[in-house]
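# Report on the structure
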Amino acid sequence: MTPADMVLGPRGLRFRGRVFPCAIGRGGLTDDKREGDGATPRGVHRIVGMLYRPDRMARPTDWAVPIRPGDLWSDDPRDEDYNLMVRAPHPWSHEALRRPDPLYDLVLLTDWNWPRAERGRGSAIFVHAWRRPGYPTAGCVALDPRHLRWIAPRIGYATRLIVA
């Protein structure tokens, strides 16, 4: 573990000497992640990217990528682009990255089942804003938007999300 790591524990997400309340997947934690199970996968996950809504916030780091209209994330194991960002129109199952709610205004991308996805092992394991405190995700780690905005400029490519 390094000081740059984010560590998910029973009290929340620990990062840089602080502990932030967070939410995890409705299926709890798992060692056997499957698409659609709602669980957050245990393990050490590198942060491999950051997306943000430029119409809603300033660029949080120089390496953050704007979410544009038509940006999607493939969650269909039959898709050649499974667990990758794709563009609309897209014929396979996907989720919109540019949402009407603020959940994906700022997204940290993990390397869970990426870049060469094993079909059905789960997709779109992100760190993003929560709906409200304690409300579970579909497998992601979710934080208060203010805390996520504090964390974002303090991470880098060496940062890992450790889910014990």
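Owing to the predicted nature of the structure, the values given are computational and were not obtained by experimental measurement.

### Some remarks on the overall build of the protein chain
Within the protein chain one finds 1 helix and 15 strands. For the protein chain, whose C-alpha radius of gyration is 15 Å, the value lies close to the compact-globule estimate of 15 Å for 164 residues. Its C-alpha atoms give the protein chain principal-axis dimensions of about 45 × 35 × 30 Å. Residues counted as buried form 50% of the 164 residues belonging to the protein chain. In the protein chain, of all internal contacts separated by at least 6 residues, the share reaching a separation of at least 24 is 60%. Counting every atom, the protein chain has about 8100 Å² of accessible surface; 52% of that belongs to carbon and sulfur. Measuring between centres, the 26 positive side-chain charges of the protein chain sit 7 Å from its 19 negative side-chain charges.

### Thoughts on the pattern of salt bridges
When the charged atoms of two side chains lie near each other, side chains of opposite charge can form a pair. What the rule picks out here adds up to 16 salt bridges. Where arginine 46 meets aspartate 111, a salt bridge forms, and the shortest distance between an N and an O atom there is 3.4 Å. Placement of arginine 46 in strand E7 (residues 43–52) and of aspartate 111 in the loop between strand E12 (106–110) and strand E13 (126–129) is noted, with a sequence separation of 65 residues between them. Under the relative-accessibility criterion, arginine 46 is labelled partly exposed at 41%. Taking relative accessible area as the criterion, aspartate 111 reaches 18% and is therefore assigned buried. One salt-bridge network, held together by shared partners, links Asp32, Arg34 and Arg121.

### Examining the nonpolar core
The biggest cluster of nonpolar side chains holds 23 residues, and the ones touching the most others in it are Met6, Met50, Leu108, Ile151, Ile155 and Leu161. Elements supplying a minimum of two residues to this core: strand E1 (6–9), strand E2 (12–15), E7, E12, strand E14 (141–143), helix H1 (145–151) and strand E15 (160–163). Counting residues in each nonpolar core, the second largest holds 12 residues, with Val48, Ile67, Leu97 and Ala124 among its members.

Conventions we followed
For every chain, the first residue of the written sequence is number 1, and numbering continues from 1 along that sequence. Only residues with pLDDT of at least 70 are given local features in this predicted model, and only at 80 or more are side-chain atom pairs given and counted; all residues enter the totals for whole chains, interfaces and linings. For the side-chain quantities, the full set of heavy atoms in the structure was used; hydrogens and water were omitted. Working definition: helices are DSSP H or I runs of at least four residues, strands are E runs of at least two. Numbering for both runs from the N terminus. Only C-alpha atoms enter the radius of gyration; for comparison, a globular chain is expected to reach 2.2 Å times N to the power 0.38, where N is the number of residues. Residue exposure (1.4 Å probe, protein chains only): buried if accessible area is under 20% of the type maximum, exposed if over 50%, otherwise partly exposed. In this analysis, two residues are considered to be in contact whenever any of their non-hydrogen atoms come within 4.5 Å of each other. Each accessible area is a Shrake-Rupley estimate made with a 1.4 Å probe; only the visible protein chains count as cover when residues are assessed. Charge convention: Lys and Arg are scored as positive, Asp and Glu as negative, and His as well as the terminal groups of each chain are ignored. In this description, the location of a charge corresponds to atom NZ of lysine, CZ of arginine, CG of aspartate or CD of glutamate. Salt bridge criterion: a side-chain nitrogen from Lys or Arg within 4 Å of a carboxyl oxygen from Asp or Glu. Remark: nonpolar core denotes a set of buried residues (Ala, Val, Leu, Ile, Met, Phe, Trp, Tyr, Cys) joined through side-chain atoms within 4.5 Å.

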